[in-house]
Amino acid sequence: MKKIRVGVKYCGQCTPHIDGPSIIERVKDIDDRIVFVPWGASDKEVLLVISGCPTDCASRPAFDGPMLNVAGNFLERKRLPASRLPEAILKRIFGQFSKPRPDCNLGKETMEAPSNLKGKVALVTGSTKGIGRGIVGSLASAGADVVVVSRNQEDCNRVADEIKRHGNDALPVAADLTDLDAIEKLVEKTVRHYGRIDILVNNAGASLTKRAEEITEADWDRILNIDLKSVFFCAQIAGRQMIAQKSGKIINVASILGLVGDRQVLPYCVAKGGVIQMTKALALEWAKYNIQVNTICPGYVITPMNEADLKDEKIFNHIIRKIPMRRLGDVDDMVGAVNFLASQATNYMTGQSLVIDGGWTAE
Ligand SMILES: NC(=O)c1ccc[n+]([C@@H]2O[C@H](COP(=O)([O-])OP(=O)(O)OC[C@H]3O[C@@H](n4cnc5c(N)ncnc54)[C@H](OP(=O)(O)O)[C@@H]3O)[C@@H](O)[C@H]2O)c1
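Nothing here was measured: the structure is a model prediction, and the numbers come from that model.

## Describing the confidence of the model for the chain
So, point 1. On average, residues of the chain score 85 in pLDDT, and 83% of them reach the 70 mark or higher.
So, point 2. Contacts from residues 12-16, a stretch scored under 50 in pLDDT, to residues over four places away or in other chains number nine contacts.
So, point 3. A low-confidence stretch, residues 99-113 (pLDDT under 50), is modelled with 31 contacts involving residues beyond four sequence positions or located in other chains.

## As for the packing of helix α5 (residues 180-194) against helix α6 (residues 217-245)
So, point 1. The interhelical angle for the contact between α5 and α6, taken along N-to-C directions, is 30°, at an axis separation of 10 Å. Between α5 and α6, the angle falls in the class roughly parallel. Here the hand of the crossing between α5 and α6 comes out right-handed. Across the interface between the two elements, Leu 180, Ile 183, Glu 184, Val 187 and Val 191 from α5 touch Phe 233, Cys 234, Ile 237, Ala 238 and Gln 241 from α6.
So, point 2. Looking at the contact of α5 with α6 residue by residue, the classes come out as eight nonpolar, one polar and one charged.

## A word on the sheet that holds strand β8 (residues 170-174)
So, point 1. One open sheet holds the seven strands; their spatial order is β8-β7-β6-β9-β10-β11-β12, and the pairing between them is parallel. Only two strands of the sheet have a single partner each, and these edge strands are β8 and β12 (353-356). For this sheet, the mean inter-axis angle between neighbouring strands, taken without regard to orientation, is 15°.
So, point 2. Bridging between strand β6 (residues 121-125) and strand β7 (residues 145-150) involves five bridges; their strand directions are parallel. Its bridge partner lying in β7, Leu 123 is registered against Val 147.
So, point 3. Here helix α3 (residues 130-141) sits on the sheet and contacts β6, β7, β8, β9 (199-202), β10 (248-253) and β11 (291-298); the angle it forms with β6, its principal contact strand, is near 175°.
So, point 4. Across the sheet, α5 touches β6, β7 and β8, and the angle it forms with β8 is around 160°.

## Notes on the packing of α6 against helix α7 (residues 266-286)
So, point 1. Between α6 and α7, whose axes approach to 9 Å, the crossing angle comes to 15°. One way to sum up the angle between α6 and α7 is to call them roughly parallel. For the pair α6 and α7, the crossing hand works out as right-handed. Of the residues in α7, those in contact with Asp 219, Trp 220, Ile 223, Leu 224, Asp 227, Leu 228, Val 231, Phe 232, Ala 235 and Gly 239 of α6 are Pro 267, Tyr 268, Ala 271, Lys 272, Gly 274, Val 275, Met 278, Leu 282 and Trp 286.

## Observations regarding α6
Residues lying three or four places apart along an α-helix face the same way, a consequence of the helix completing one turn every 3.6 residues.
So, point 1. Look at α6: 40 Å from first C-alpha to last across 29 residues, which is about the 42 Å you get at 1.5 Å a residue.
So, point 2. Taking the largest bend as the criterion, α6 deviates by roughly 45°, centred on Asn 225.
So, point 3. One or two residues past the end of α6 sits Lys 246, with phi positive at roughly 60°.

## As for unusual backbone geometry
So, point 1. The phi torsion at Asn 290 lies on the positive side, around 65°, for a residue other than glycine.
So, point 2. Within the secondary structure layout, Asn 290 lies in the loop between α7 and β11.
So, point 3. Assessed through the 15 C-beta atoms surrounding it within 10 Å, Asn 290 is described here as partly exposed.
So, point 4. We note that Arg 326 has phi near 55°; this positive angle belongs to a residue other than glycine.
So, point 5. The topology assignment puts Arg 326 in the loop between α9 (313-320) and α10 (331-342).
So, point 6. Accessibility expressed as a C-beta count within 10 Å gives 20 for Arg 326, which makes it buried.

## Here we look at the site of the ligand
So, point 1. As a matter of local geometry, the ligand sits amid 29 residues, with Gly 126, Gly 130, Arg 151, Gly 205 and Met 305 nearest to it.
So, point 2. Among the elements that make up the shell around the ligand, the one with the highest residue count is α3 (three residues).

## Overview of α5
So, point 1. Across its 15 residues, α5 extends 21 Å between first and last C-alpha, which sits within 8% of the 21 Å expected from 1.5 Å per residue.
So, point 2. What α5 keeps buried is the set Ile 183, Leu 186, Val 187 and Thr 190. Buried positions in α5, seen along its axis, are confined to an arc of 90° and lie on one side of it. Turned more than 90 degrees off the buried face of α5, the exposed positions are Asp 181 and Arg 192.
So, point 3. Of the surrounding secondary structure, the elements contacted by the buried residues of α5 are β6, β7, β8 and α6.
So, point 4. Note on α5: the residue one or two positions beyond its end, Gly 195, has a positive phi of about 85°.

Rules behind the numbers
- Residues numbered from 1 in each chain as written.
- Predicted model: local features only at pLDDT ≥ 70, side-chain atom pairs only at ≥ 80, totals over all residues.
- pLDDT = per-residue confidence, 0-100.
- Contact = placed C-beta atoms within 7 Å.
- Axes fitted to C-alpha atoms, helices over the stretch in contact; angles between N-to-C directions.
- Helix = DSSP H or I, 4+ residues; strand = E, 2+ residues; numbered from the N terminus.
- Parallel < 35°, antiparallel > 145°, perpendicular 65-115°, else oblique.
- Left-handed = near helix turned anticlockwise from the far one by under 90°.
- Nonpolar A, V, L, I, M, F, W, Y, C, P; charged D, E, K, R; others polar.
- Pairing = 2+ DSSP bridges.
- Expected span 1.5 Å × (residues − 1).
- Bend = angle between axes of the 7 residues up to and from the residue.
- Buried ≥ 20, exposed ≤ 12 C-beta atoms within 10 Å, placed from the backbone.
- Near = placed C-beta within 6 Å.
- Arc of directions from axis to C-beta.

This is the structure we're talking about:
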């Protein structure tokens, strides 16, 4: 059987970079004809180079075959039609880096849950994709029964089935969270099924990249409705159940763009800043009910929400230069903080924001 040599670039010059072993781990089972070699520019047998170097700094011009930069998971820099690598294998390798791992946070080493959530019920909005998909898996792996929510029932069913296969209970509920009646029904279904809600993760959201002078009223309403208004009403409606229980954890997913500004994302910045303020105000009001309200502020994480923007090399470079750790975040980088905020470790912590951004806002 002819072996296919795939080069993995360990430049070691800009640290931290995504290390070779973790790249190989991600693709090693794709095809047993593949052998991985540390890439040197003189290796003419190599058919693909995978690089984990965030700035792709060294040796790139010397290779004229397909090259994949996975610093921040996936960025296709160059792909020649005349590649000698079988198209099916190329596609599967690219595919592996262009979506979250299917079992993201369910199962093995990524499931290092800092908390025991057995017996707890966690409702996670926007949990079929991206960060929410990671969070729901991580809370389930810590023992929680989970409610999987998005607008798409099939997606909710699929994720709930994946979680059930790992032995947890999961309830799939489709709901458009910009509709208050739908939130009421979601909470009713949850309480009917599980009898309680211990953890609410307000994660569902959307973004918009547009110049301030071009933003329409419809743009404004769309972003503010899902990124701010729905967060409050989910908290309010689920919170009534928590008030009755005299306990609960509300975890909002804001963004560093609620703390600092950036260009062409104005309504998103306004909404996320609002979520951070809402967290403080709600924490004060509901402290007496033993409900803790906290926020995480992720930096840039590759998810379906922003993958199109991040494929643009100009945007990618603008962002990566602002991150001291010189890499985008991974969904796995976000979930530990949520498990922590959902756990008993935070029973005396409320109204706070945890920033997970590779150092962006430290500057
Ligand atoms: N990715 C980043 O770099 C980043 C950085 C900072 C903060 N965040 C925040 O993290 C959260 C998750 O972002 P993500 O990047 O993981 O986004 P994503 O990949 O686009 O996933 C968003 C999730 O929310 C659901 N959703 C969207 N609109 C909804 C609605 N009206 N009702 C119910 N569900 C809805 C989506 O499912 P359907 O579309 O099928 O409904 C999907 O499950 C957001 O609040 C985002 O602002 C993300």
